[in-house]
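Residues per chain are reported as follows:
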Amino acid sequence: AGVVGLTTALVLARRGGYSITVIAKHMPGDYDIEYTSPWAGANWLPMAARGTPQVDYETITFHELWHLVHNVPEAGIHVQQAISYLREQDQDPKKALYSGNDFFLKDSWCKDLAPGFRELRKDEIPEGYVGGTTFQSVCINTQIYLPWLVSQCLKMGVRFKREVIGHVCEAVGRHHSGKKAEIVVNCTGLMARRLGGVMDESVYPARGQVVVVRNEAPAMISTSGCDQPNEITYIMTRAAGGGTIIGGTYAKDNWESQPDPNIAQRLMKRAIEICPQLVKPGEGVEGLNVIRHGVGLRPSRKAGARVEGEVIDGVKVVHNYGAGGFGYQASYGMAEYAVRCVEDFAKGKAKL
């Protein structure tokens, strides 16, 4: 019941003709280190590498989120100007912390998708950076958006159950009708590493630490890197009073659930340096009004997201996991592809 699972259930329900039960250990409202979605920023900042399925995932999702911003205010999404600053040593996307993305570059694949995309002028680039881009994007209040997804699923007849299972095939017997489910959709994120029948060892956590403050930022600001390994600067103000997220870290294979106070101080210090408007002149870090410190484990996967169908012990299973740090911004695209796999199984077609 993270953003990928909820979105997949909703897209599938909107297709019609399916009776859907969502089973999950964690639901919106929970805060647990195993449950990534509540900890996210969350926004749309293209992470896809050219020529990968992720480009399609993020494109499909952008159109849906843009629609929600302008037509469904209760979803808790708003538009912010995105500003990205590029360091000289990060000009090769393959060497950047988020390997493969090119949204810092003027010829980014999303230049014709994101409204107002342009290269920054020299007078707009702060000291220590060599370039950057800006465009209009969206920022999501996860505390509103996740329950909204649940409400939309409920309106479409989807049922929800709290369950903990050890093997993916056990889900067949958990349908609310009491009958066996014909197809299981696996959206277990990081836990796909431990789920029987899947046990995907290529799934790993990418630890993210953030500070949530009451101060507001004039834009969503991000940098291509910083002077600390596994750290990066980003700032985004969530919609509808959701606070401003200051990040962040990207520590692979790190399962630590508790915030590191030294990292938190660095995050806040760098945020003020890149966005002094966060505080009053001369206030420094002390001018930040902290709501909480948070840690989330991005459900990353070495080969990228897995969206495909397979038969496990005679059970038709559609996998949709491994989104890493782009779960929200790829959610509708990944869901669309997963639903196509479900439809192929329903029609008796071969594995995608």
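One numbering rule holds for all chains: residues counted from 1, following each sequence as written. Only residues with pLDDT of at least 70 are given local features in this predicted model, and only at 80 or more are side-chain atom pairs given and counted; all residues enter the totals for whole chains, interfaces and linings. Each side-chain value is derived from all of the structure's non-hydrogen atoms; neither hydrogens nor water enter the calculation.

Section: the overall build of the protein
Keep this limit in mind: In this text, helices come from DSSP runs of H or I with a minimum length of four residues, and strands from runs of E with a minimum of two, each type numbered from the N-terminal end. Based on C-alpha atoms, the radius of gyration is set beside the globule rule, defined as 2.2 Å times the residue count to the power 0.38. Remark: exposure states derive from per-residue accessible area (1.4 Å probe, protein chains only) relative to the maximum for the residue type, with buried under 20%, exposed over 50%, and partly exposed in between. Only heavy atoms matter for contacts: two residues are in contact if any of them lie within 4.5 Å across the pair. Only the protein chains shown count as covering a residue, and every accessible area follows the Shrake-Rupley method with a 1.4 Å probe. Under the counting rule used here, the positive set is Lys and Arg, the negative set is Asp and Glu, and His together with the chain ends is not counted. Every charge is mapped onto a representative atom, which is NZ of Lys, CZ of Arg, CG of Asp or CD of Glu.
Scanning the protein from N- to C-terminus turns up five helices and 14 strands. At 20 Å, the protein has a C-alpha radius of gyration in line with the 20 Å of a compact globule built from 352 residues. For the protein, the spread of C-alpha atoms along the three principal axes comes to 65 × 40 × 35 Å. A total of 352 residues make up the protein; the buried ones form 57% of that total. For the protein, restricting intrachain contacts to residue pairs at least 6 apart in sequence, the fraction spanning at least 24 positions comes to 74%. Per element, the accessible surface of the protein, about 15,500 Å² overall, is 48% carbon and sulfur. Charged side chains in the protein number 39 positive and 37 negative. The centres of these two groups are separated by 4 Å.

Digging into the packing of aromatic side chains
Under the convention used in this document: Ring pairs shown here join Phe, Tyr and Trp side chains whose ring centres sit within 6.5 Å, with only the six-membered ring taken for Trp; geometry is labelled stacked below 30 degrees between planes, edge-to-face above 60, and tilted in between. For a Lys NZ or an Arg CZ to count as sitting over a ring, it must be within 6 Å of the ring centre and within 35 degrees of the ring normal.
Within the structure shown, the criterion is met by ten aromatic pairs. Taking 6.5 Å as the distance between ring centres and 75 degrees as the angle between the ring planes, the aromatic pair formed by Trp44 and Trp109 counts as edge-to-face. Here Trp44 is found in the loop between strand 1 (21-24) and helix 2 (53-71), whereas its partner Trp109 is found in the loop between strand 2 (77-86) and strand 3 (118-119), with 65 residues between them in sequence. Each of the two residues, Trp44 as well as Trp109, counts as buried. Their ring planes at 45 degrees and their centres at 6.2 Å tell us that Tyr145 and Tyr328 sit as a pair that is tilted. With Tyr145 in helix 3 (residues 142-155) and Tyr328 in helix 5 (residues 327-346), this pair connects stretches of sequence that are 183 residues apart. Both residues of the pair, Tyr145 and Tyr328, belong to the buried class. One aromatic cluster in this structure is built from Trp44, Phe62, Trp66, Trp109, Phe117 and Phe135. We note Arg340 situated over the ring of Tyr337; from NZ or CZ to the ring centre the distance is 4.6 Å.

Quick look at unusual backbone geometry
Looking along the chain, the bond that leaves Gly41 and enters Ala42 is cis, with omega of -5 degrees. Note on placement: Ala42 falls in the loop between strand 1 and helix 2. A cis amide bond, omega -5 degrees, links Gly247 with the succeeding residue Gly248. The phi dihedral of Ala240 falls on the positive side, at around 55 degrees, and the residue is not glycine. In this fold, Ala240 is placed in the loop between strand 9 (231-237) and strand 10 (244-249). Residue classification places Ala240 among the exposed positions, given a relative accessible area of 62%. For Asp253, which is not glycine, the phi dihedral falls at a positive 60 degrees. Secondary-structure assignment places Asp253 in the loop between strand 11 (251-252) and helix 4 (261-274). Classification of Asp253 by relative accessible area gives exposed; the value is 54%.

Topic: the UniProt feature "binding site: FAD" (unreviewed entry) in the protein
Condition: UniProt positions are given in the numbering used here, feature names are shortened, and annotations may be inferred rather than shown by experiment.
Listed under "binding site: FAD" (unreviewed entry) in the UniProt record, and renumbered for this structure, are Thr36, Ser37 and Thr188. Over a stretch of 153 residues, the named residues converge on one spot in the fold, their C-alpha atoms separated by at most 11.6 Å. Within the secondary structure, Thr36 is located in the loop between strand 1 and helix 2. Once you skip the residues sitting within four places of it in the chain, Thr36 turns out to touch Leu297, Arg298 and Pro299. By the element assignment, Thr188 lies in the loop between strand 6 (183-186) and strand 7 (203-213). With near-sequence residues (within four places) excluded, Thr188 lies in contact with Leu195 and Tyr321.

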